[in-house]
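Remarks on the overall topology
Each chain, written out:
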Amino acid sequence: MTESGSTKARIFSGVQPTGGLHLGNYLGAVRNFADLQDDYECVYCVVDLHAITTWQDPTRLADQTREITAAFLAAGIDPKNAIIFNQSQVRAHAELAWVFNCVARVGWLNRMTQFKDKAGKNREAASVGLYGYPVLQAADILVYLATHVPVGEDQKQHLELTRDIAGKFNNDFGVDFFPMIEPLILGAEARIMSLRDGAKKMSKSDPSDMSRINMTDDADAIANKIRRAKTDPAALPGVEVLGEDGTITEAFVEERPEATNLVAIYAALGREDLRSVLADVAGKSFSDFKAMLTERAVDQLAPIGAEMQRLLDDSAYVDGVLRDGAARARAIADPVVEQVYDIVGMLRA
Ligand code: TYM
């Protein structure tokens, strides 16, 4: 039984309000958040403290936070069941992050590939927050003593660091306090690639909007982006490209990354397995396949985009969800920070 009285294992995951949500975020993370909500006690966070590790326009941040919240709700997460809130409303995240800053080692952070990617060539000019980003992420998860973390493939290294921090804290203080978390990285949709370059992941920070499908794109925009998505001259492959484990072989992914990505998106959108998709599309031209993909994408995404829009027109409701969620989150997180301070030996007069 957890301290909130539930017997279910607890999940934590977060999404940054650094811009709108795209198809990769949805298929790799947010749709799974909704799928998991009955089997776990779920805590889903819009991580605004993480967002400001790179510059965010203060006049836009609140609306960006509401937009991610609306996406959570439109994807079917029930705020009466799951806890939905934004990180800055729960001080415990920043408090535990400080303690973890004193547990994590500089050498560990120096190995983080996401920092290297985001800081680019001019590392000296990156914010200290960007460098410490994965430490705050560890605090997010562990301040709820969560055990399972659904994310896309790109978060794997950060979750390994979370395990290292939990292990070192327990070891340094001779306690068995923080659990060893388990990443939940599910299926081919854990790594959705750019529509313009099958070797790059679909990302909010790609300068080309044609590289991604945004959850707020209308049917015309979706159709246009799929029509102009990069392909190759060959026809669609069949089941021969599947390895023994049922996934597309590495050799094929390397040879035809765009074909692989579009087939994976089609399968994921329809919750269909790759074998049945490949049996169906084998030998088709890209123009026929793109028409099928557009129909499926519009079918799945247009209702979510419309529901997001409806929710965004009712910001008082969205803000209320975040306020309630934050109160429930604090009820779990605040006592955990108190226990941590006690373990560390802080005077609580
Ligand atoms: P963020 O906001 O970049 O992405 C949110 C989620 O979307 C997944 N994702 C993808 N999945 C498949 N294909 C893609 N192309 C793709 N792009 C993004 C991400 O893996 C993520 O699950 N550091 C996190 C936010 C965070 C967090 C946490 C996550 C902060 N604290 C604690 C889990 C637990 C991030 O940058 O997500």
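So, how was this worked out
- Residues numbered from 1 in each chain as written.
- Predicted model: local features only at pLDDT ≥ 70, side-chain atom pairs only at ≥ 80, totals over all residues.
- Heavy atoms only, no water.
- Helix = DSSP H or I, 4+ residues; strand = E, 2+ residues; numbered from the N terminus.
- Rg over C-alpha atoms; globule rule 2.2 N^0.38 Å.
- Buried < 20%, exposed > 50% of the residue type's maximum accessible area, 1.4 Å probe, protein only.
- Contact = heavy atoms within 4.5 Å.
- Areas by Shrake-Rupley, 256 points an atom, 1.4 Å probe, with all protein chains shown as cover.
- Disulfide = S-S within 2.5 Å.
- Polar contact = N/O pair within 3.5 Å; in protein donor to acceptor, adjacent residues only side chain to side chain.
- Domains from an automatic or database assignment.
- Buried area = accessible area lost by both parts, 1.4 Å probe.
- Salt bridge = Lys/Arg side-chain N within 4 Å of Asp/Glu carboxyl O.
- Nonpolar A, V, L, I, M, F, W, Y, C, P; charged D, E, K, R; others polar.
- 1 Å grid on protein atoms, 1.4 Å probe; cavity = no way out; pocket = protein on both sides within 12 Å on 5 of 7 lines; lining within 4 Å.
- Points joined across faces, edges and corners; volume = space filled by probe spheres on them.

**A few points about the overall build of the protein**
Counting its regular elements, the protein contains 14 helices and five strands. The C-alpha radius of gyration of the protein comes to 21 Å, within 12% of the 20 Å expected for a compact globule of 349 residues. Projected onto its principal axes, the C-alpha positions of the protein cover 70 × 45 × 45 Å. Relative to its full complement of 349 residues, the protein shows a buried share of 52%. For the protein, the share of sequence-separated contacts (at least 6 apart) that also reach a separation of at least 24 residues comes to 76%. Within the structure as shown, the protein displays about 16,200 Å² of accessible surface, and the carbon and sulfur contribution to it stands at 49%.

**A short note on the state of the cysteines**
The final tally for this structure, using the stated rule, is zero disulfides. With no disulfide of its own, Cys42 has Cys45 as its nearest cysteine by sulfur position, at a separation of 13 Å.

**Concerning the environment of Arg328**
When you line up the elements, Arg328 lands in helix 14 (residues 315-344). Linking Arg328 and Ile222, residues 106 residues apart in sequence, is a C-alpha distance of 37 Å. When sequence neighbours within four positions are dropped, the list of residues in contact with Arg328 reads Pro79, Lys80, Asn81, Ala82 and Ile83. Within the local environment of Arg328, its side chain forms a polar contact with the backbone oxygen of Pro79, the two atoms lying 3.1 Å apart.

**A short note on the domain arrangement of the protein**
Quoted interface sizes are often the accessible area lost when the parts come together. Here the domain parsing of the protein yields domain 1 (10-189 + 315-344) and domain 2 (209-310). On a C-alpha basis, the centres of domain 1 and domain 2 stand 29 Å from each other. Listed by partner, the interface residues are 14 residues for domain 1 and 14 residues for domain 2. When the two sides are added together, the surface that domain 1 and domain 2 hide from each other amounts to roughly 1,300 Å², 71% of it contributed by carbon and sulfur. If you sort the residues of domain 1 by the area they bury against domain 2, Leu23, Arg31 and Ala74 come out on top, with a joint share of 39%. At the junction of domain 1 with domain 2, the criterion picks out one salt bridge. The partner of Arg271 in a salt bridge is Asp35, with the nearest N and O atoms 3.0 Å apart. For the pair domain 1 and domain 2, the interface holds four residue pairs in polar contact (both at pLDDT 80 or more). At the level of secondary structure, the elements contributing two or more residues to the side of domain 1 that touches domain 2 comprise helix 1 (23-36) and helix 3 (58-74). With five residues, helix 1 is the largest single contributor of residues to the side of domain 1 that touches domain 2. Here the residues of the side of domain 1 that touches domain 2 sort into nine nonpolar, one polar and four charged.

**Things to note about the pattern of salt bridges**
A full pass over the atoms with the stated rule returns 17 salt bridges. For the salt bridge of Lys168 with Asp172, the shortest nitrogen-to-oxygen distance reads 3.0 Å. One end of the pair is Lys168 and the other is Asp172, both in helix 8 (residues 156-173) and four residues apart, which spans about a single turn. Residue classification places Lys168 among the partly exposed positions, given a relative accessible area of 21%.

**Focus: the layout of surface pockets**
Taken as a whole, the largest pocket spans an internal volume of roughly 1,200 Å³. Together, 45 residues line the largest pocket, and Gln16, Gln114, Asp154, Gln155 and Lys201 are the ones closest to its centre. Counting residues per element, the ones that place at least two in the lining of the largest pocket are strand 1 (10-15), helix 1, helix 6 (113-119), helix 7 (128-142) and helix 8. Examining the composition of the lining of the largest pocket, we find that five residues originate from one element, helix 1, more than from any other. Looking at side-chain class alone, the lining of the largest pocket contains 14 nonpolar, 19 polar and twelve charged residues. Forming the boundary of the second largest pocket are 27 residues, of which Ala188, Arg191, Ile248, Val253 and Thr260 lie nearest the centre. Going through the elements one at a time, helix 10 (250-255) and helix 11 (257-270) are the ones with two or more residues in the lining of the second largest pocket. The dominant element in the lining of the second largest pocket, judged by the number of residues it contributes, is helix 11, at six residues. Here the lining of the second largest pocket is built from residues that sort into twelve nonpolar, seven polar and eight charged.

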